[in-house]
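Residue-level structural notes
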Amino acid sequence: MEKQNNLLYGVAYYFEYLPYDRIDEDIKMMLAANINVVRIGESTWSTYEPEDGVFDFSKLIYTLEKMQQAGIAVIVGTPTYAFPAWLAKKYPEVLVENDGQRQLYGRRQIMDITSPVFRAYAERIIRRMLSEVIHFDNIIGYQVDNETKHYGTSAAHVQAAFIQKMKVTFDGDLAALNQAFGLDYWSNRINSWEDFPSVNGTINASLAGAFSKFQRELVTDYLSWQVDIVNDYKKANQFVTHNFDFEWRDYSYGIQPDVNHFSAAQALDVAGVDVYHPSQKQLTGVENSFVGDVARNLKQQNYLVLETQAQAFKSWTPYPGQLYQLAFNHIANGANMVEYWHWHSIHNSFETYWKGLLSHDFQPNPVYNEAKQVGQDFKRLSDKLVNLKHDATVAIVVDNESLTTTSDDRWMEFGVGDHVKYNDVFRRIYDSFYRQNIRTDILNPQTIALDQYALVVVPMLYVSDRSFLQRLNDYIHEGGHVLFTFKDGVADEHVKVRTALQPAIIQEAVGAHYQLFVDPNGEKLRDVSGVFQDSDLVISDWSELLVTDTATSLANYDDHWAQYAAITENHYGAGMAWYLGTWASASVIDQLIKHVVKNSNVAPSPYGVAWPLIVKSAENHEHAHIDFLFNFSDQTQQITLPFDGVELLHQENINSNQQWELAPWSVKILERRDK
Amino acid sequence: MEKQNNLLYGVAYYFEYLPYDRIDEDIKMMLAANINVVRIGESTWSTYEPEDGVFDFSKLIYTLEKMQQAGIAVIVGTPTYAFPAWLAKKYPEVLVENDGQRQLYGRRQIMDITSPVFRAYAERIIRRMLSEVIHFDNIIGYQVDNETKHYGTSAAHVQAAFIQKMKVTFDGDLAALNQAFGLDYWSNRINSWEDFPSVNGTINASLAGAFSKFQRELVTDYLSWQVDIVNDYKKANQFVTHNFDFEWRDYSYGIQPDVNHFSAAQALDVAGVDVYHPSQKQLTGVENSFVGDVARNLKQQNYLVLETQAQAFKSWTPYPGQLYQLAFNHIANGANMVEYWHWHSIHNSFETYWKGLLSHDFQPNPVYNEAKQVGQDFKRLSDKLVNLKHDATVAIVVDNESLTTTSDDRWMEFGVGDHVKYNDVFRRIYDSFYRQNIRTDILNPQTIALDQYALVVVPMLYVSDRSFLQRLNDYIHEGGHVLFTFKDGVADEHVKVRTALQPAIIQEAVGAHYQLFVDPNGEKLRDVSGVFQDSDLVISDWSELLVTDTATSLANYDDHWAQYAAITENHYGAGMAWYLGTWASASVIDQLIKHVVKNSNVAPSPYGVAWPLIVKSAENHEHAHIDFLFNFSDQTQQITLPFDGVELLHQENINSNQQWELAPWSVKILERRDK
Amino acid sequence: MEKQNNLLYGVAYYFEYLPYDRIDEDIKMMLAANINVVRIGESTWSTYEPEDGVFDFSKLIYTLEKMQQAGIAVIVGTPTYAFPAWLAKKYPEVLVENDGQRQLYGRRQIMDITSPVFRAYAERIIRRMLSEVIHFDNIIGYQVDNETKHYGTSAAHVQAAFIQKMKVTFDGDLAALNQAFGLDYWSNRINSWEDFPSVNGTINASLAGAFSKFQRELVTDYLSWQVDIVNDYKKANQFVTHNFDFEWRDYSYGIQPDVNHFSAAQALDVAGVDVYHPSQKQLTGVENSFVGDVARNLKQQNYLVLETQAQAFKSWTPYPGQLYQLAFNHIANGANMVEYWHWHSIHNSFETYWKGLLSHDFQPNPVYNEAKQVGQDFKRLSDKLVNLKHDATVAIVVDNESLTTTSDDRWMEFGVGDHVKYNDVFRRIYDSFYRQNIRTDILNPQTIALDQYALVVVPMLYVSDRSFLQRLNDYIHEGGHVLFTFKDGVADEHVKVRTALQPAIIQEAVGAHYQLFVDPNGEKLRDVSGVFQDSDLVISDWSELLVTDTATSLANYDDHWAQYAAITENHYGAGMAWYLGTWASASVIDQLIKHVVKNSNVAPSPYGVAWPLIVKSAENHEHAHIDFLFNFSDQTQQITLPFDGVELLHQENINSNQQWELAPWSVKILERRDK
């Protein structure tokens, strides 16, 4: 695949959904907005294969021809994430069975991705589709499937495959499995492979954890299988991508529990993501940021925003300025493409009110008009802003196994509290770095190169093998800095709690241990180090009663547990380790991270500002430093410039120490002169 | 059917439920209360047909004989809304299947009203029952079934019938159906009638809307089928009615989603309804009023209150005075009968604490004693108060399709907000007219004669065909007045959003349009016309960003959307149109309706009072004007009388300008002298 | 069975769950803590019978041997409350079917206790297990099953057995059943035994009540069946017990709905219970107390605490002092054993964070260290504190039928209110006695000997036969005192509401009646007797409008129901009856109970203190009076001693009128000198 050499600005375009053929008019309006790419094809299998074995790609080809004529690039999606009614009628087994029930036909993403029948039909439509379109020069890449997950697939044949995997994992030794998973408990011991029960009813967190991991591997397998098919057709200058999404809490909230993004991305040429976020008064920019910090690290290169919101919902319709600033914000985070979902609002069905750039009326409107401004400036600045390089000195380690084990409602006690899940912990810590304008990379234990970072943050790594914990100890010993949190190191890779004093293994570097943990039940922190100036040292839900060995306490508990430390600091070898033993307020975490950063060789932002002023710095292919400044607030903000340079959006020369004003919901881009 | 010539006052009476035969004692107590009608028979099929084909109507006949001897009229209900255990055992398919599950035997209203088996057995019991009772002269009418709905019936044969209907609707043209419903979306396209999937899993709002409408038609069909059977037996002076109920939110809240009352009433001779409402401090009278405003318009004549509460629940036990005032309130709304559910509280089973006039002890009690007072005054004033005529100049247009489409949890975005459904909108508008003592008729697009009204209100008519919207435009052009609201005109009769600027089609009369809509997210209205004096201009959940064409704005939004209008007024031809573009507080709606009424040739109430003082005026068969005055509050209220006349309850002469006192929870009835 | 002659102090011990064999180390730590008993074996069937018919009791025997060597007594549990995967695979019918669904394999307590297959396999494993262990001298007793309930069992064969029971109950007379249950209602009449429908869908509270009672009888039958098997093996000096648990609301909250403890205990030698309770700031001691007041009365002797918490959950980790005081608190309530669940925290599966005395690290920790102190003092004081006798003069009558009928969500109107269930009423009354240091016995109508008590309290006895109500009348007439509450006497044993004025039958002793009841809807009480001094006379949810006959009102309602009494007092024969007609605040109930106690020959506590100072007095086998004093608060408390004596924990001589200090969360034990 060739390196992309311009910014892509686009929309998802569904010719098939239009109430009438207005493609010429649409293309005219796209060109007026400098839209240079559309994503098509990913959800209309029933249009392309109206009957079993009968194909009609006329609408797809018509769209491709029109786009080609207009000079608009195309990303073609395989159409497999929604399938035709006739397929469900003929082979009900293509409908996923989860929670013991076969799903009803209707929704998308209800296929059994392991079904041989589904795979056979999916392969045929993909191959037929690619054969038909492969000659179009304006196709720049392919997207396999869309927002793929495992959909809880757990029918009998999936259980059988899981048992097969367990046989391999434990080398056929059931006693070892019983021991590793603790199956004697409540008479769950399995004494022959034939007796292996469905895990649907299991109360064993180790077994459930293994199954959850297996389900994620099914996703990786499925996507890599699709990529292999597409690779049979695609040309050298075309890419294959996938549209990864994130834990959904009515918007992109956190790490995806049902897919291991790091594994699944291996088969791809370039990573794609969708990002949806609160808007209007609730816009902070943080979702774009954390999604980008993951996405950049999936392939160690720039990524594509395959979907983000235009108008979307009534509570997301952007205030004037927000659509514009967010487009550049994606670029600042490392994206090379910004693509809206979608061009036109749909007139029927389900997502009628997930609105596109155009309302149902297809007329220009304020949001479309703002997109035109984006398109114009993207085009003008493309060469300066494409393929930006980012250099984070802080890494955050995330982990699917820890996420799903501690977030499972079946054993809520494994987590922090009823309303505090893994992603809440991840986000409170992430958000603090974000607010303080400290760039982070997000990786997992399998992908992180520890020594590339000045500071590594390991939130709630409940499940981990011994070797990674040992690697962290070694990294610190050699001069690294790590911020650990509660629940790090607790259980081994089989979700078996370790018998060592906690935090297990890393206790060595942390220099403190605990045996008891409590709900603080209204108690607070007590500063014992001067680090925490705030009078409001609120904690809740989870407190490990730390006893310091070589560490010093930064904060203790008050009242009943006053003798115990809550947050500790330790010098270990040439490095330092901090341990946060309690679910602390955002304010406590801000103060802790300030302290940790100050002691960790992490360079602070030269702009000295914090949210709602967000600064994102990068280097472009000309080795110029580019600083993006965002005002995510309703108030005009002042900023003193530390550099000379040029403001790119308005082509204005800037001197250092100059006062800049950022209007509400706006962006400025500084190209530093001192490159 | 002969015209009814006296007020009916009655109870539902279940001889079959009595713990012992006390009918003579019951009748003695009924006569003491001037109860002149009982409703019997509608839920005891298993008593009348203890085994398949074995009949025993002895209890029914015994009751009829006793009532005849006592001179008490009877309404006999067909016993089909609950069926015997043996029928369910023999033919499980009589149990309705909804949400993919056959219901368990036990509850009432769990039959499949389309089942041929159920229909055959129902027909047999009805015919046998009517043959047995038809000679009783004291039967004044029959009730078919009870509170019939479709119960979500959706088994395979119902789906098949629906497909058949779709074939007819679209003339066999699947492409037209795919186009109308937008089925290309998410690969839902149906390319052969054989592939038509069950709609149980559908995510297509058009398909779901069509199915919901089809289910309502099944109710109409079922009731008309029962009426046909009863018509084979009933005499010329007997009527057939049905007991319609309303959207249930622990009481009668709004328009019924599962039945098209206007269609279903066509087969009947007279409309019957049940009304249940909050009581004690929470009694407002509004439920009686809106139910009456629907019921009067079902057959364009007076209606029967077949059920309303006596003691009912612990939170409904009436304060002294409430039972009395409510009986006359029903008459004031257009009822010719008030019938309590029910005579005696039931000692077993389910509705044990839905208490009747009598407690479980069968002794006289305060509520029964108040009913005696009602009975005495009903009897005395029957000739003055029967067959009252009501003359509303305001009509409210309601619509089942709009209701179900915008209230469906599967696509909440089609509605106003999570906690604001169609009936909330209907009620907030209705309640404002009610509080201001402006009488309304409630009709649907198929039944309304626009030119009979000075003002037509069209709340949230999301689904509508072009012709009705055009009729509204024409009506305004010819001098009519219409108050439109948000979401009017959005989608066509197939729930496809129109591609015109919104509000589609009526934009012409409204003189304003919008492309964007937002959640106000804390923002308020800003008065720009002097119409809204209130400082508290609260809105929430839904705001269309209106751009005026020929209209003038009455109120704009503040802050981020300050340039857009929220409420507009337009002169169009000889008439006027108002458009309410946002979900506004009751206070805003009160002020808007005051303004609209003032500009619409709607005569204000001559009493100049508002809730908790409620005035209902009517004309009796002697052409006398009768004004009912109600105090729905705990405080004594003053009222200045605009007319000379006679207070009928106390036979007191009254002069205009006299000050009247209304005790808490009381009623007075003025017969004007100036008739 | 011989009388137990020392205090037992123990833990549940699961050798099978250990990650490695550390039994010698465990025993060493147990002995260091003076632990003298362990409970083993009750949940590891799959370890003992790895394949159908293949047995391996090596781990069980190994544990027994080690305990024997250490001189530690053992209670062996039958392993039937969790069963092997192979059994579920082979015979799916052993999985209970409830709510129409067969449960999935995984959890414990999902067997069909009526399944002949399950019974056969259970009998075999029990007999094999007992044969293997019966020669161990250190076995002091057996526990049959664990926390057995009926698990909602309601498959077809259970329904058939229920019908069979109904035939017997009604002597084959269906008409009598129809009449008793009121089945004519909604056509539910059953006209032949063959038509009897499954009760799964019933809406008839009488039928549901009968089925619920039948399900409880299945539990009694199942436990007695297991006891019979164990009795074939056990020696004369061994006991059989069962571990009864209580209504679970995240802790032991109230009377168990699914088991009739009084019936089920008949087959046992000694009653065992588990008690779990809030801790830390939320510790009050009340759960230990009410569980003890039930448990003592199951066999009219001391009982065993088979399970209570050590560390358990993060919100239960005891403050320093709490574990110690609670151990003596169980003894003060009548227990002869305190056994923690469990020794070591489990490293896998489900209850990983229901922690034991030891954390996952197996090291001594603060909680274990406190348990060592308990063990030492238990050992030293065993002879003084074992087999304590308790003498309550107040009895509270509880009833399963009333509980389940009024707590059923299907007919919430039968109860007090949505958030006020039977056990809330029981607890608010119980807690008041507890706070006032008045010892109570808890019994049911079948087991209570009324004349042994000065005062009998009958909360919410909604379901009762005539004879018990008559017995209460007679008891009062002969000089007894009874505090009745709302809903007493309402329905007969078939859950048919009585046709008498309410409260039915006891109206005679109560001297007041009501016909209406209301939700107070914000209204309060009004004192009319001087009994209620508090200005805050709050009531909610339920108010019976009482009319006094011979009674006098202690409090009336205010406002709309001001003429009615809410709380009455009546002299009847030589005794007195009080009637609480409304759901009153804890403060009202405290005042009422003070008044009732003062008028009922109930001796007040000689210490004159109230919660958080709790006093429990008893007599030991040397006829010494032992007073336990507990401080359940964070504050040091003062107490003036009414007696001379010796404080046993510190062997300190005490003079009456001396001021004692009780440290926060502490206990002192006084042996009075005046025995």
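Parameters at a glance
- Residues numbered from 1 in each chain as written.
- Chains lettered and ligands numbered in written order.
- Predicted model: local features only at pLDDT ≥ 70, side-chain atom pairs only at ≥ 80, totals over all residues.
- Helix = DSSP H or I, 4+ residues; strand = E, 2+ residues; numbered from the N terminus.
- Rg over C-alpha atoms; globule rule 2.2 N^0.38 Å.
- Buried ≥ 20, exposed ≤ 12 C-beta atoms within 10 Å, placed from the backbone.
- Contact = placed C-beta atoms within 7 Å.
- Nonpolar A, V, L, I, M, F, W, Y, C, P; charged D, E, K, R; others polar.
- pLDDT = per-residue confidence, 0-100.
- Domains from an automatic or database assignment.
- Least-squares fit on C-alpha atoms with pLDDT ≥ 70 in both.
- Pairing = 2+ DSSP bridges.
- Right-handed = clockwise from strand over helix to strand, strands pointing away.
- Axes fitted to C-alpha atoms, helices over the stretch in contact; angles between N-to-C directions.
- Parallel < 35°, antiparallel > 145°, perpendicular 65-115°, else oblique.
- Left-handed = near helix turned anticlockwise from the far one by under 90°.
- Core = buried A, V, L, I, M, F, W, Y, C linked by C-beta atoms within 7 Å.

Of the regular secondary structure elements, chain A holds 17 helices and 30 strands. Computed over the C-alpha atoms, the radius of gyration of chain A is 26 Å, within 12% of the 26 Å expected from 2.2 N^0.38 for a compact globule of 675 residues. Along the longest, intermediate and shortest principal axes, the C-alpha atoms of chain A span 75 × 75 × 40 Å. Evaluated residue by residue, chain A yields a buried proportion of 59% over its 675 residues. For chain A, restricting intrachain contacts to residue pairs at least 6 apart in sequence, the fraction spanning at least 24 positions comes to 74%.

Taken together, the contact between chain A and chain B spans 44 residues of the former and 39 residues of the latter. Every element with two or more residues in the side of chain A that touches chain B is listed here: helix H2 (45–48) and helix H4 (85–90) of chain A. Per-element accounting of the side of chain A that touches chain B gives the leading share, four residues, to H4(A). Within the side of chain A that touches chain B, the residues separate by chemical class into 19 nonpolar, 17 polar and eight charged.

Take the confidence of the model for chain A next. Regions with low pLDDT carry predicted coordinates that are not meant to be interpreted in detail. In this model, chain A carries an average pLDDT of 97, and 99% of its residues clear a pLDDT of 70 or more. Model confidence for the complex: the whole-complex pTM is 0.96, and ipTM, which rates the interface, is 0.96.

Here we take up the domain arrangement of chain A. Domains assigned within chain A are domain 1 (394–598) and domain 2 (613–672). Using C-alpha coordinates to define each centre, domain 1 of chain A is positioned 35 Å away from domain 2 of chain A.

Looking now at the interface of chain A and chain C. Tallying the contact residues gives 39 residues for chain A and 44 residues for chain C. Here the residues of the side of chain A that touches chain C sort into 17 nonpolar, 16 polar and six charged.

Turning to the relation of the copies chain A and chain C, a few remarks are in order. Between the two copies of the chain lies a rotation about an axis combined with a shift along it. Here chain A sits on chain C after a turn of 120° about the axis and a move of 0.0 Å along it, with an RMSD of 0.1 Å. The operation mapping one copy onto its partner corresponds to a three-fold rotation axis. For chain A, the smallest separation between a C-alpha atom and the rotation axis is recorded for Gln101(A), amounting to 7.3 Å.

This paragraph deals with the pairing of strand E13 (residues 335–341) of chain C. Put simply, side chains in a regular strand alternate between the two faces of the sheet. Residue and element names in this part refer to chain C. The element E13 is largely enclosed, with a buried count of seven among its seven residues. Where strand E1 (residues 8–12) lies against E13, four bridges are found, and the strand directions are parallel. Paired with Val11 across the bridge in E13 is Tyr340. Read as a crossover between parallel neighbours, the route from strand E12 (residues 303–309) over helix H11 (residues 322–333) to E13 is right-handed.

Before going further, it helps to examine the packing of helix H10 (residues 286–298) of chain A against helix H11 (residues 322–333) of chain A. Residues and elements named next belong to chain A. Between H10 and H11, the least distance of the axes is 9 Å, while the angle of their chain directions is 30°. Classified by the angle between their axes, H10 and H11 sit roughly parallel to one another. For H10 against H11, the interelement crossing comes out right-handed. Residues Asn288, Ser289 and Gly292 of H10 form the contact with H11, whose participating residues are Leu326, Asn329, His330 and Asn333. Of the residues contributing to the contact of H10 with H11, the split by class is one nonpolar, six polar and no charged.

Residue and element names in this part refer to chain C. For Ser224, the position within the fold is in helix H8 (residues 205–231). Overall, the presence of 15 C-beta atoms within 10 Å leaves Ser224 in the partly exposed class. Each C-alpha atom, one on Ser224 and one on Pro642, is 47 Å from the other, the two residues being 418 residues apart in sequence.

The biggest cluster of nonpolar side chains holds 680 residues, and the ones touching the most others in it are Val74(A), Val74(B) and Val74(C). Once residues lying within four places of it in the same chain are set aside, the contact partners of Val74(A) are Val37(A), Val38(A), Ile40(A), Leu64(A), Met67(A), Phe136(A), Asn138(A), Ile139(A) and Ile140(A).

Residue and element names in this part refer to chain B. Judged by how many residues are buried, strand E3 (residues 73–77) sits mostly within the fold: five of five residues are covered. Covered by surrounding structure in E3 are Ala73, Ile75 and Gly77 together with Val74 and Val76, the residues of both alternating faces. Alignment of strand E2 (residues 37–40) against E3, held across four bridges, turns out to be parallel. Residue Arg39 lies in a different strand from E3, and its bridge partner there is Ile75.

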